[in-house]
Amino acid sequence: MGRNSRFSNKTMISVTADKLPNMHSTEFQGIPVVIQWPKGSVRVGERENGEPYKTEMKADYGYIPDTTAAGDGERLDIYIGPDKDAEYAYVVEQVRKSDGEFNEYKLMLGFDSLEAAEEMYNYHAGEKGDMELGDISEVPFDYLFDKVMEERQETKVEELGDDRAEIEHDEAKIAEQSDKLSLIDAFVKLYKHEFEYFTKVAEEVNDQLADALQEAGIKAAVTFRAKKPRKLKAKLLKRNQTHQYQSFQDIYNDVVDMAGVRVALYLPADRTAVGQIIEQCFTQMREAKNFPEDRGPGDGIGYVATHYLVRLKTETLHKDEYQYADTNVEIQVASVLMHAWAEITHDLLYKPSKGTLTPEERAMIDDLNRIVQEGEATLDKLQESVQDRTQQDLRFELMSSLAKRLAAQSKGLATKRIIASDVKAAAKRVLYIEQPSPHANYLKAKLALWKAHGKPL
């Protein structure tokens, strides 16, 4: 549906009395919307405890048709502010006050700043409301428009969790450090504006690495993310107790996983090959950390993985993407089994809402880790066995081919004579079975492809 699309008048309900809803169809910069409660009307409803409420609307409120929001599974709700030419949209993650669990997304359109959008949402949520703002992030409107118009016919349901109890616990612990808390609040406020940027950087690393792994024939699930502002704040509050941040740079130096990529390997033995690819594709910002050898005080026991801190190389980026080369991205490489165990363990051990684990439950986690490591060892043996058999077959084929050529030559039937160098080359291949570099010509091929399509370098 194009930017000038409209809804049929059949969907319109006209109520002329002042302060009552006036449901009507309209659009915002080409995105079709249905306004349920216009600015100036009084929205009425009932809270979860049965208490009625009234809110005088200071912004138009409605939804985008043919969309399904994560959480409640209904259409995506929107607030529309006064700035009809706003370049950015603001996405609110609404959570329940009672338990901090994610409820749904609210989209704020027509606001000239993140602060204005956040203030408008908080007013309508109300101090006595059931819901409140969890996170808010800034998104370029053009990007949002493309996403909405592309996905209006699709349903996206995603259940998200929240660590509210943990955040409140951490905030109480360092309440006396008001000057440090204000630094963290200021940093998180800035990060909300930069969240989309970190997402883009992580996505670029993800795409380059996924292409390289596919070219190398390595089976893996590669995913990316930027750390959610709420999760970042919780982490900063906890780490500040020992790090005592004095500046934004202190935080950037300490927290390296604001943009992250995860490589979940189907075959654990591929970790070494993946490491070689990462070192060739990206600029290394530190030595790789190998767990459990480089395990720190806060790292989980039993975790087996390799973490890299990298930056994009400018020669792999378009000119308008050079800014991405200044940002660190953490790449975590582990088996699918290990990543699954780490996720489960982290949720159980570090989320207060799950309760304190009993000794028996901790023993079960340890047992599960042993099962994971035994599974990885079995996969290693299987991979080694298959490779050995394949190499034996290749050795036989090489020598068989050489023998056939020698037999033909002895009968005077050879089209090309075998010389000493042919025998040496075959023997070398039989002895060493040279394996091609998993990433030999990746960058060269990508640059050539860009040139072929006329893209600027």
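Only a predicted model underlies this, so the values are computations on that prediction, with no experimental measurement involved.

K.L.:
What am I meant to see in the environment of Leu-265 here?
P.N.:
Topologically, Leu-265 is positioned in strand S11 (residues 259–265). With 72 residues separating them along the chain, Leu-265 and Leu-337 place their C-alpha atoms 8.5 Å apart. If we ignore the near neighbours within four places in the chain, the residues touching Leu-265 are Ile-218, Lys-219, Ala-220, Asp-270, Arg-271, Val-274, Val-333, Ala-334, Ser-335 and Val-336.

K.L.:
Sorry if this is basic, but what is going on with the nonpolar core here?
P.N.:
Proteins that are soluble and globular tend to have nonpolar side chains buried together. Residues Leu-209, Leu-236, Ile-278, Phe-282 and Ile-331 are the most contacted members of the largest nonpolar core, which totals 40 residues. Broken down by element, this core gets its largest block of residues, 13 residues, from helix H4 (residues 178–216). Residues within four places of Ile-278 in sequence aside, it is in contact with Leu-209, Gln-284, Tyr-308, Val-310, Ile-331 and Val-333. Ranked by size, the runner-up nonpolar core spans 21 residues in total, among them Ile-31, Phe-102, Leu-144 and Val-148.

K.L.:
What is the right way to read the pattern of salt bridges from this model?
P.N.:
If the charged atoms of two oppositely charged side chains come close together, the side chains can form a pair. Inspection of every chain in the model, using the stated rule, returns 13 salt bridges. A salt bridge links Lys-228 to Glu-93, with the nearest nitrogen and oxygen atoms 2.9 Å apart. You can see Lys-228 sitting in the loop between strand S10 (220–226) and helix H5 (229–243) and its partner Glu-93 sitting in strand S7 (residues 88–96), a full 135 residues away along the chain. Among the residues examined, Glu-93 registers a relative accessible area of 6% and is labelled buried. Residue Glu-115 is joined to Lys-189 by a salt bridge in which the shortest nitrogen-to-oxygen separation is 3.7 Å. Placement of the pair is Glu-115 in helix H1 (residues 114–125) and Lys-189 in helix H4, with a sequence separation of 74 residues. According to the relative accessible area criterion, Glu-115 is partly exposed, its value standing at 31%. Lys-189 gets classed as partly exposed once you look at its relative accessible area, which sits at 41%. Here the salt bridges do not stand alone but share partners, grouping Arg-225, Lys-227, Lys-235 and Asp-257 into one network.

K.L.:
Explain a nonpolar patch on the surface here, please?
P.N.:
A surface patch of nonpolar side chains, about 260 Å² in accessible area, is lined by Ile-344, Leu-368 and Ile-371. Checked against the element boundaries, Ile-344 lands in helix H8 (residues 336–350).

K.L.:
Would you explain the pairing of S7 in this entry?
P.N.:
Side-chain positions along a regular strand alternate between the two faces of the sheet. Counting buried residues in S7 gives seven out of nine residues, a clear majority hidden from the surface. Where S7 and strand S9 (residues 131–140) come together, nine bridges link them in antiparallel fashion. Paired with Val-91 across the strands is Ser-137, a residue of S9. Linking two consecutive strands that pair antiparallel, namely S7 and strand S8 (residues 102–109), is a turn of five residues; a positive phi of about 75° is found at Gly-100 within it.

K.L.:
What's the story with the environment of Thr-223 in this structure? I'm lost.
P.N.:
Within the fold, Thr-223 resides in strand S10. Overall, Thr-223 belongs to the partly exposed group, its relative accessible area being 43%. C-alpha separation for the pair Thr-223 and Ala-210, spaced 13 residues apart in sequence, amounts to 8.9 Å. Once residues lying within four places of it in the same chain are set aside, the contact partners of Thr-223 are Asn-206, Gly-260, Val-261 and Arg-262.

K.L.:
Is there a simple way to explain a negative patch on the surface in this structure?
P.N.:
A surface patch of negative charge is lined by Asp-85, Glu-87, Asp-142 and Asp-146. Structurally, Asp-85 can be placed in the loop between strand S6 (76–80) and S7.

K.L.:
Help me understand H1 in this model?
P.N.:
Compared with the 16 Å implied by 1.5 Å per residue over twelve residues, the 16 Å span of H1 between its first and last C-alpha is a close match. Among the residues of H1, Leu-114, Ala-117, Met-120, Tyr-121, His-124 and Ala-125 are the ones counted as buried. Taken around the axis of H1, the buried residues stretch over an arc of 135°, which confines them to a single face. Just downstream of H1 lies Gly-126, where phi reads positive at about 75°.

Rules behind the numbers
- Residues numbered from 1 in each chain as written.
- Predicted model: local features only at pLDDT ≥ 70, side-chain atom pairs only at ≥ 80, totals over all residues.
- Heavy atoms only, no water.
- Helix = DSSP H or I, 4+ residues; strand = E, 2+ residues; numbered from the N terminus.
- Contact = heavy atoms within 4.5 Å.
- Core = buried A, V, L, I, M, F, W, Y, C linked by side-chain atoms within 4.5 Å.
- Buried < 20%, exposed > 50% of the residue type's maximum accessible area, 1.4 Å probe, protein only.
- Salt bridge = Lys/Arg side-chain N within 4 Å of Asp/Glu carboxyl O.
- Patch = residues over 30% accessible without salt bridge, like charges linked within 9 Å, V, L, I, M, F, W, Y side chains within 5 Å.
- Areas by Shrake-Rupley, 256 points an atom, 1.4 Å probe, with all protein chains shown as cover.
- Pairing = 2+ DSSP bridges.
- Lys, Arg positive; Asp, Glu negative; His and termini not counted.
- Charge placed at Lys NZ, Arg CZ, Asp CG, Glu CD.
- Expected span 1.5 Å × (residues − 1).
- Arc of directions from axis to C-beta.

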